[in-house]
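# Coordinates in review
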Amino acid sequence: VSSDKSTLAYGKTLAGTNDNYASVAWSAINSTDEDNDEYDFSPSGSIDGHDYVDLGVGIGWATANVGAKTPDEFGGYYMWAETTEHTTYNWWYYSLYTGSSSGYLDTDAFRTPYSNISGTSYDVARKKMGSHWRMPTRAELTSLANNCDFTAGTYNNVKGIIVTGPSGKSIFLPGAGYKYKDGTGWSGCPWLLSSNTYGKSEAYGLRINKAGSNDIVFDRKFYGYTVRGVID
């Protein structure tokens, strides 16, 4: 297989009467077919026009990020408790920051409407996907991390992580990283935002590296994160 996993080649030496010959055949690899042969990405159902997968961890997980049409698209980047995107992600653009936009960051100058915004008017999954959808809580992201297998893989040639649950079904998390200022942090790695706050200026999320190792972390609320919706 070629280094970029785009081509499969097979060679064989053939013995002739007076000479030996080399026979080589090659074909393109369809990464979607390869992934689908090994993993079951098929939806378990659809609600409000969005597909979900039952991984066997108690809730349904959307097949794509909020704002994405397919699993390989990154979707939107959202600050915690905001439902619109920004072109630049910093505290002076954050609607819940009450400090001066021209001064230094004041970590105490944040307004937190709820400690858990899942299912509220501040929930971007509820806003963008419909009334049956919501953001995952910290506990639900922890359950995903503790009960599923995380494997580096591709979907339509996009690199990311394949999450396979106890049910045998899988979802794909593209390596979208997170947005800060005009750049992307942890590029190539999935980073999912939870609905739970940590103190005034930070929120919990699930961080996954390129090899599939994951941990629950907390970071700045005014960074731009991807969100994966869930249903009960």
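One structure accompanies this document, and this report is about it. (Residues numbered from 1 in each chain as written. Predicted model: local features only at pLDDT ≥ 70, side-chain atom pairs only at ≥ 80, totals over all residues. Heavy atoms only, no water.)

## Describing the overall build of the protein
For clarity, the threshold we go by: Each helix corresponds to a stretch of at least 4 residues labelled H or I by DSSP, and each strand to a stretch of at least 2 residues labelled E; elements are numbered beginning at the N terminus. Throughout, exposure labels follow a simple rule: accessible area from a 1.4 Å probe, protein chains only, divided by the maximum for the residue type, with under 20% read as buried, over 50% as exposed, and the rest as partly exposed. Contact criterion: two residues are considered in contact whenever any of their non-hydrogen atoms come within 4.5 Å of each other. To measure how exposed things are, a 1.4 Å probe is used in the Shrake-Rupley method; for residues, cover is taken only from the protein chains shown.
Along the protein, the regular secondary structure elements total three helices and 14 strands. Looking at the protein as a whole, 46% of its 232 residues qualify as buried. In the protein, the share of contacts with a sequence separation of at least 24, taken over all contacts with a separation of at least 6, comes to 52%. When the accessible surface of the protein is totalled, it reaches about 11,600 Å², and 46% of it is carbon and sulfur.

## Description of unusual backbone geometry
A positive phi is found at N156, a non-glycine position, where the angle reads about 55°. Mapped onto the fold, N156 is located in the loop between strand 6 (149-155) and strand 7 (158-164). Judged by relative accessible area, which is 35%, N156 ranks as partly exposed. For W186, which is not a glycine, the phi torsion comes out positive at approximately 50°. Considering the arrangement of structural elements, one finds W186 in the loop between strand 10 (183-185) and strand 11 (191-198). Residue W186 is classed as partly exposed on the basis of its relative accessible area of 36%.

## Re empty space enclosed by the protein
Let me state the cut-off plainly: A 1.4 Å probe that fits into a set of points on a 1 Å grid over the protein atoms alone but cannot get out defines a cavity; an open set with protein on both sides within 12 Å along at least five of seven lines defines a pocket, and lining residues are those with an atom within 4 Å of a point. Grid points are joined across faces, edges and corners, and a volume is the space filled by probe spheres set on the points. When residues are grouped by polarity, Ala, Val, Leu, Ile, Met, Phe, Trp, Tyr, Cys and Pro land in nonpolar, Asp, Glu, Lys and Arg in charged, and all others, Gly among them, in polar.
Following the criterion strictly, the structure yields one cavity of 30 Å³ or more and no others. Quantified by volume, the largest cavity comes out at close to 30 Å³. Lining the largest cavity are W191, L192, L193, A203, Y204, G205, V217, F218, D219 and Y225. For the lining of the largest cavity, the class distribution of residues is eight nonpolar, one polar and one charged.

## Some remarks on the sheet that holds strand 4 (residues 50-54)
Put simply, the rule reads: A pair of strands is labelled paired if DSSP reports no fewer than 2 bridges between them.
Strands sit in the order 3-4-5-14 across an open sheet of four strands; the sheet is antiparallel. In this open sheet, the two strands that pair with only one neighbour each are strand 3 (45-47) and strand 14 (230-231). Direction of pairing for strand 4 relative to strand 5 (residues 60-62): antiparallel, over a ladder of three bridges. Each residue of the ladder has a partner; that of D54, found in strand 5, is G60.

These figures capture arrangement, not role.
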